[in-house]
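Per-entry structural report
Residue strings, one per chain:
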Amino acid sequence: MLQFSGAAIIPALSGLVHSGRSISSLHCHGRYRHLLLRPATVKVMGNSNDQWLLARSPLEGWPAEGDFRFQTVSTPEPAADQLLTRTIYLSLDPYQWGRRRSGTEKPGDVCHGRTVSQVVSSRRPDYAEGDYLFNTNGWQQYGLTGAGIDPFGYMHPRKLDPALAPISTAVGVMGMLGLTAYSGLIVQCDPQPGETVVVSAASGGVGQVAGQLAKIRGCRVVGITSSAEKCEFVTGELGFDAVVSHLKDDLPERLAASCPDGIDVYFENVGGRVYEAVLPLLNRDSRITLCGMISQYGNEAGASPGEVWMDMGRATFEAQRVEAHSLFVGNYVDDYQDRFFGEMTDWLRDGLIVYREDVWRGLKQAPVAFAAMLSGGNFGKTLVAVSDDPTRAVSVDRTQPSTDSQLHRNLFRNCR
Ligand SMILES: NC(=O)c1ccc[n+]([C@@H]2O[C@H](COP(=O)([O-])OP(=O)(O)OC[C@H]3O[C@@H](n4cnc5c(N)ncnc54)[C@H](OP(=O)(O)O)[C@@H]3O)[C@@H](O)[C@H]2O)c1
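Everything in this summary refers to the structure shown in the same document.

Close to the ligand lie 31 residues; Gly204, Gly205, Ser226, Gly292 and Ser295 are nearest. Sort the elements by how many residues they give to the shell around the ligand and helix α5 (residues 205–216) lands first, with three residues. Across the shell around the ligand, the residue classes tally to 12 nonpolar, 16 polar and three charged. Both domain 1 (6–164 + 357–408) and domain 2 (176–330) contribute no fewer than three residues apiece to the shell around the ligand.

This brings us to the packing of helix α4 (residues 176–189) against helix α10 (residues 333–349). With their axes 10 Å apart at the nearest point, α4 and α10 run at an angle of 100° to one another. With respect to each other, α4 and α10 are oriented roughly perpendicular. Contacts between α4 and α10 involve Gly178, Leu179, Tyr182, Ser183 and Val187 on the former and, on the latter, Tyr336, Gln337, Phe340 and Met344. Split into classes, the residues belonging to the contact of α4 with α10 amount to six nonpolar, three polar and no charged.

What follows covers the environment of alanine 369. With respect to the helices and strands, the residue alanine 369 is situated in helix α11 (residues 366–374). A residue is classified by how many C-beta atoms lie within 10 Å of it, and alanine 369, with 24 of them, is buried. Remark: the alpha-carbon pair of alanine 369 and aspartate 358, spanning 11 residues in sequence, is separated by 9.4 Å. Apart from the residues lying within four places of it in its own chain, the contact partners of alanine 369 are Leu92, Trp360, Thr382 and Val384.

Attention now moves to the packing of α4 against α5. As a packed pair, α4 and α5 sit with axes 8 Å apart at the nearest point and diverge in direction by 45°. Overall, the two elements α4 and α5 adopt an arrangement that is oblique. In this structure, α4 meets α5 at a crossing whose hand is right-handed. Packed against α4, whose contacting residues are Leu177, Gly178, Thr180, Ala181, Tyr182, Gly184, Leu185 and Ile186, the element α5 presents Gly205, Val206, Val209, Ala210, Leu213 and Ala214 at the interface. For the contact of α4 with α5, the class distribution of residues is 10 nonpolar, four polar and no charged.

Reading guide: rules and limits
Residues numbered from 1 in each chain as written. Predicted model: local features only at pLDDT ≥ 70, side-chain atom pairs only at ≥ 80, totals over all residues. Near = placed C-beta within 6 Å. Helix = DSSP H or I, 4+ residues; strand = E, 2+ residues; numbered from the N terminus. Nonpolar A, V, L, I, M, F, W, Y, C, P; charged D, E, K, R; others polar. Domains from an automatic or database assignment. Axes fitted to C-alpha atoms, helices over the stretch in contact; angles between N-to-C directions. Parallel < 35°, antiparallel > 145°, perpendicular 65-115°, else oblique. Contact = placed C-beta atoms within 7 Å. Buried ≥ 20, exposed ≤ 12 C-beta atoms within 10 Å, placed from the backbone. Left-handed = near helix turned anticlockwise from the far one by under 90°.

Okay, here's the thing in structure tokens:
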């Protein structure tokens, strides 16, 4: 992990291009902290707004060149009770592909996405220029928030305090992604000390949090991921007790060897052959969170992946009295989000949860990063840094896209 001394912060704050990789732990450290937390004057760059639109429908199984169209339009003017915000981070999530394939998102629409943004111009009394917020600008540099703008149901805009948490985490470990892991693992499956918990897509955004939550609960945790590097990360950095690669032909045997007492809780992110390997190992009264089935998101029309998944598991579920919960994080926002934020802040501050972000710099990269994430080309939570993050001195050179995956540990230690 790269660390910068306080002196390195100043050039970044004054708008000079910082050519290094993004940094993880300076934003709330030391005597320059007050400078980092002071919102800079926010300028619209040249009054133009780069956007990615959905280009066509229907879509093939997996993202392909031609599914997305890049355009540059004028920056919109906020109307009464609206904000104009610049996108700092764009979150790329598997559900976005579902919206596109199902036709919810139409050709010509700006691609949907959760974002971390900064207010450029406010016509609302509760937001001032320079404030940071979670919102849903989508795949574009600037967007409107407020009256008449669809917040996509449960994705309510909220103001962010960079002194409480790094702002990128509002679309990650301290956002819907973390809440997904929490709702599925803690609320639905309620793992007990000593139980065996298996998490698939263990090195990804949701998986890394779910597994660490199970460790906090005192469980034996087994991760499933792909490459040797990711396997090493899952046991070495995340602290899981064991890991197996789904790329190996003998996955079922390896998983069985890693779970000598069977499986009590399975956090399902993947489906397919990973799920097949899990089924015979499920103990009596075990629990499953069906969080996602990413291996099936490119299936051609036919039986829904959820139905196929239930059909495959039914006999085992009945024989072993397995509780299978399907998960939709939107159902947990009203009742659990505040509690989750409180507990997660403590875990992060105490170093009990670490997390990895995979940051692609430059909006132009969004389609490539999105396709990579869906096929395992990501390493951690996938984000696009669309514009500079003054709180972390992440700068974006639009002419030179780059990527940067790194682990964040104890970021919160020096925050209030
Ligand atoms: N229910 C909800 O409300 C909710 C909310 C958020 C997310 N989710 C679900 O949670 C899951 C994880 O989402 P995320 O955003 O955290 O993504 P992610 O795990 O960061 O990225 C996706 C990962 O899926 C794995 N993968 C892709 N294709 C695979 C295949 N054929 N077989 C096995 N693994 C494969 C890859 O990891 P490897 O390198 O390990 O193969 C890849 O890194 C997804 O299924 C998503 O739909 C559900």
